[in-house]
Amino acid sequence: MVYDLVLPRLNNRLDVSGNAPAIIAKGGFSGLFPDSSEFAYQFAMIASSPDTILYCDVRLTKDGLGVCLPDIKMDNCTNIPDFYPKGKKSYLVNGVSTTGWFSVDYNGTELSQVSLKQSIFSRTPRFDPSFFPLLAVEDVASKFKPPGMWLNIQHDGFYSQFNMSMRKYILSVSRRVIVDYISSPEASFLTSISGRVSNNTKLVFRFLDEATLEPSTKETYGSMLKNLTFIKTFASGILVPKKYIWPVSPDNYLQPYTSIVDDAHKAGLEIYAADFANDFALSYNHSYDPLAESLSFIDNGAFSVDGILTDFPVTPSEAIGCFANLNKSNTDHGKPLIISHNGASGDYPGCTDLAYQKAVDDGADVIDCPVQVTKDGIPVCMGSINLMDSTTVAKSPFASQAAVMKDIESVLGVFTFNLTWDDIVKNLKPKISTPLSTFSLDRNPRYRNAGNFMRLSDFLDFSKDKDLSGIMISIEHAAFLAEELGFDMVDAVIKALDDSGYNKQTAQKVMIQSTNSSVLVKLKQQTKYDLVYMINEDVSDAGPSSLAGIKKFADAVSVETSSVFPENRHFTSHQTDLVESLQTAGLSVYAYTLMNEFVAQPYDFFSDATAEIIAYVQGAGVDGLITDFPATARRYKSNTCMNMGNKTPSFMAPPRPGDLLQLISKPAQPPALAPMPLLMDSDVSEPPLPPARLNNGTTAPAPSSAPRMQTRIPFLVTLAMLCVWATV
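Because the structure is a prediction, the values reported are computed rather than measured.

Parameters and conventions
Residues numbered from 1 in each chain as written. Predicted model: local features only at pLDDT ≥ 70, side-chain atom pairs only at ≥ 80, totals over all residues. Heavy atoms only, no water. Domains from an automatic or database assignment. Contact = heavy atoms within 4.5 Å. Buried area = accessible area lost by both parts, 1.4 Å probe. Salt bridge = Lys/Arg side-chain N within 4 Å of Asp/Glu carboxyl O. Polar contact = N/O pair within 3.5 Å; in protein donor to acceptor, adjacent residues only side chain to side chain. 1 Å grid on protein atoms, 1.4 Å probe; cavity = no way out; pocket = protein on both sides within 12 Å on 5 of 7 lines; lining within 4 Å. Points joined across faces, edges and corners; volume = space filled by probe spheres on them. Nonpolar A, V, L, I, M, F, W, Y, C, P; charged D, E, K, R; others polar. Disulfide = S-S within 2.5 Å. Helix = DSSP H or I, 4+ residues; strand = E, 2+ residues; numbered from the N terminus. Buried < 20%, exposed > 50% of the residue type's maximum accessible area, 1.4 Å probe, protein only.

1. So, the domain arrangement of the chain
What the domain assignment reports for the chain is domain 1 (22-323) and domain 2 (337-376 + 444-639 + 646-681). Taken over C-alpha atoms, the centre of domain 1 sits 41 Å from the centre of domain 2. Contacts between the two partners involve 36 residues from domain 1 and, on the opposite side, 31 residues from domain 2. Buried surface at the junction of domain 1 and domain 2, summed over both partners, amounts to about 2,900 Å²; 63% is from carbon and sulfur atoms. On the domain 1 side of the contact with domain 2, Arg126, Tyr253 and Phe323 bury the most area, a combined 23% of that side's loss. At the surface where domain 1 touches domain 2, the tally comes to two salt bridges. Between Asp289 and Arg635 there is a salt bridge; the shortest N-O distance is 2.7 Å. Where domain 1 touches domain 2, the interface holds 12 residue pairs in polar contact (both at pLDDT 80 or more).

Written out as structure tokens, the structure reads:
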């Protein structure tokens, strides 16, 4: 198996009883492998804290065997219909008629050929063709020898229909297996075993949705929450949905936390929080960062839960083991360098005052300005030269100017050089980036159009007195601007830096980035700033001639994440030699663009942005990270497990690229990737920048006066506006 690493105990954060909060792996590492499968349980023990408790939803078979199954309907989590196509039945489950395949209709022998499968359709089914036999409770205990076993009994009343007793089973199995926790949402079941199991076994009452009726008392769980004294008579703890503790508004923002944690502790009850999954929607307050969510339950200055039930046990392992009680005032500008991407553009519209202030507050080492030019020749910070991407221009009167600029991109756009600075600031609003909107993953919608646009001069004035190691200015389309608009972007940037005094200071490093070597060559000739060459294509390595060429004009190179860890159907396949080759040539390497959203990460990183950072910093050894979410990278740099050497805990060690891919059975493995090309000198070298056509470098002409630079297509404008209107 993978990840054969040192597993130290967790003791950084203590709950109310003086112990570290428990990490409970729901069905093992069920966020990746089929819930309750051998892979899931084994991976939870290897990749998470060694204190991780294994959780089993117990179901009874026809012959009284207790097996771990995440759903009472076996067709939701196994391939049983393939073996017993006529086995569909309908039974009452908590008074509701339920149709499917049920474990009570089969004995252990009949189920021996049935295999578990992924029960959540949004997760990868690639592991399903492997054979995952159903595991009995005894199997889990003997195979994995976990430090703790948690048995959940969800439907005790269901089994009485078949003259079966879950109570008798639990009393029997607890004599053969050390059971540390038994939970149930049925008060009568816990009452029936109270005092009859080991005193070391904790009984935990599980709360379901507040409006749901508890089957034995016929009270809603919401009303039972008001009588914790009653629950204390038969249980030592409660397990509640996380929303009981941190309610979420209808538009997915956190509301003030409730008093339930304090109430439970005052009643002498431990409290465990459930429903943690890195690949489910998180509150926008957490910026798609599951580690931030875990910390909000165990390290918020007000309370700590006694445990977390999760599909991804690696994340609370990180939280409790390395990220609780951090010194947040410590700012370290060493490696890895945290470089913002359009400011903190994951939280606010990019390149606005809000995004830049958030990036500074969140601990970015370097903030960036992708510089564009307006119609009246003013350099501005804008994430794209196409205003459709980052402003509300599609809703403005200027939408009628939409055109295709074939020298820039092949889609309709209204470009920064179509409008004056006054046109932009008086008529348009910023628009937050939504790079993963196809997955319905929006960013901070309450602030979708918040913030103010910034000129380059504003950006430089803003940056001067901030605790930053430097700034980065990105220049693109310089040749087009010179030839078609008569605007020399390189000269304009140099002038702006001179005017702001950046050429006479050393407190902050000035970095200038471009995908065009011609831009950097000109800057090399005229300035002493640090120059960064951006490779905007997937490459596996850089040839000797290209390395020699880059060294002539650049100090560092920015590379796409996919050029470091190529992906095959969302699994990493291997690590390329690109980073090592560039660093051997004396070039620093920055990886771009890191995003917290789980769909932006391969499965190897566990839908956890911190695990992704670990892979690039500790695994690939990059020198810097270009990210939409500087706060996540800053927190990584502050963690308490940074310099532990061979004592680094497994959950903080980089995953080995390609390992998960190898766990997929041969028939289900995706086709091998085509080889990625080498970066050659011909990819790097360019002719010198052309001189600005008007050679004044200040005022660009109106686009309408340069007919060769536009392709007007009025018929498509209305259609295009309809397509983009809903995204603004």
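2. A word on empty space enclosed by the protein
Tallying each qualifying case throughout the model produces five cavities of 30 Å³ or more. In this structure, the largest cavity encloses a volume near 70 Å³. Around the largest cavity, the lining is made up of 11 residues, and of these Phe606, Ser650, Phe651, Ala653 and Pro655 lie nearest the centre. Taken together, the residues of the lining of the largest cavity break down into 10 nonpolar, one polar and no charged.

3. Examining the state of the cysteines
Under the definition given, this model contains three disulfides. Put simply, Cys56 and Cys68 are joined by a disulfide, and their sulfur atoms are 2.1 Å apart. Between Cys56 and Cys68, the S-S torsion sits near -105°, and that sign places the bridge as left-handed. Remark: Cys68 occurs in strand E3 (residues 66-68) and Cys56 occurs in strand E2 (residues 53-60); sequence separation between them is 12 residues. Like Cys68, Cys56 is buried. The disulfide partner of Cys369 is Cys381, and the gap between their sulfur atoms is 2.1 Å. Here Cys369 and Cys381 share a disulfide; its torsion about the S-S bond, -105°, makes the bridge left-handed. Highlighted residues: Cys369 in strand E13 (residues 366-373) and Cys381 in strand E14 (residues 379-381), separated in sequence by 12 residues. A relative accessible area of 0% places Cys369 in the buried class. Taking the relative accessible area as the measure of exposure, Cys381 reaches 1% and is therefore buried. Disulfide partners in the chain, listed by the sequence order of the bonded cysteines, are 1-2, 3-6, 4-5. Free of any disulfide, Cys77 has its nearest cysteine sulfur in Cys68, 11 Å distant.

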